[in-house]
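Observations on chain architecture
Read off the chains here:
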Amino acid sequence: NTMAPRLQKYLVPEGIFVNTNTDLRKNSNIRLRHLDIINVFLGLGFSLYDYRIWDKQMGHHLYRIAFSHILAFRCGKHSRISRNLLTDDILVGKAKMFDWYHDANSHEVFNKLIEIYSNPGDVIYDPFVGSGTLLIEAKKLGRKSIGIELDEMVAELCKKRLKDMAFNEQHI
């Protein structure tokens, strides 16, 4: 994983990196990707700061895993800070559809994650922006945000959603 060393270099000392991921199911086997990610980051000197489950409300299905792991890491050895202890360990939120693009992220879950792991004025970085759900929720909560999306069509969808949001805020 080439992202982990870069995060280690640029993450501010008290900064938190949050990863959401879903294990893979193929035939009758499940690849526990969350364990791979934990091992990579622990091996680079990060500490696992927090762990939660996101119930995607997808129902039960033989070939689909209906929950994701939410892993929060910090540089160096740290313990959880007390403000996080009072929140739910299982977050619930459905994904939405925007035009032709399936947004696999929940506004409710991202909103809660931003509240848990950041403060107003902090910078939220999303290296896989998609339709912009994280950036939209960051703006709603008074955070600055930076996002990258390689797919030009998806990046245009994100820009449109952010522009529409700015227009709506000016006219409320």
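Predicted model, so just to flag it, every value in this text is computed and none were measured.

Within the secondary structure, Phe 110 sits in helix H3 (residues 107-117). Looking at Phe 110, the relative accessible area reads 8%, which means it is buried. Placed 24 residues apart in sequence, Phe 110 and Leu 134 show a C-alpha to C-alpha distance of 6.0 Å. In contact with Phe 110, other than residues within four places in its own chain, are Trp 54, Asn 105, Thr 133, Leu 134 and Glu 137.

What follows covers the nonpolar core. Soluble globular proteins tend to pack their nonpolar side chains together in the buried interior. Ranked by size, the top nonpolar core spans 16 residues in total, and within it Ile 70, Val 109, Phe 110, Leu 113, Ile 114 and Tyr 117 carry the most contacts. Within the residue set of this core, elements represented by two or more residues are strand S4 (46-55), strand S5 (67-75), H3 and helix H4 (133-140). Within the second largest apolar cluster, 10 residues are counted, among which are Leu 7, Phe 17, Ile 37 and Cys 75.

Between two packed helices, what matters for the description is the angle formed by their axes and the separation of those axes. Contact geometry for H3 and H4: axes closest at 9 Å, N-to-C directions at 55°. On the basis of their axis angle, the class for H3 and H4 is oblique. Two packed elements cross with a definite hand, and for H3 against H4 that hand is right-handed. Contacts between H3 and H4 involve His 107, Phe 110, Asn 111 and Ile 114 from the first element and Thr 133, Leu 134, Ile 136, Glu 137, Ala 138 and Lys 140 from the second.

Consecutive side chains along a regular strand alternate between the two faces of the sheet. With burial as the criterion, only one face of strand S9 (residues 123-126) is covered, namely that bearing Ile 124 and Asp 126; the residues Val 123 and Tyr 125 on the opposite face remain uncovered. At this point the chain moves from S9, through H4, to the parallel strand S10 (residues 144-147), and the crossover so formed is right-handed.

Criteria and thresholds
Residues numbered from 1 in each chain as written. Predicted model: local features only at pLDDT ≥ 70, side-chain atom pairs only at ≥ 80, totals over all residues. Heavy atoms only, no water. Helix = DSSP H or I, 4+ residues; strand = E, 2+ residues; numbered from the N terminus. Buried < 20%, exposed > 50% of the residue type's maximum accessible area, 1.4 Å probe, protein only. Contact = heavy atoms within 4.5 Å. Core = buried A, V, L, I, M, F, W, Y, C linked by side-chain atoms within 4.5 Å. Axes fitted to C-alpha atoms, helices over the stretch in contact; angles between N-to-C directions. Parallel < 35°, antiparallel > 145°, perpendicular 65-115°, else oblique. Left-handed = near helix turned anticlockwise from the far one by under 90°. Right-handed = clockwise from strand over helix to strand, strands pointing away.

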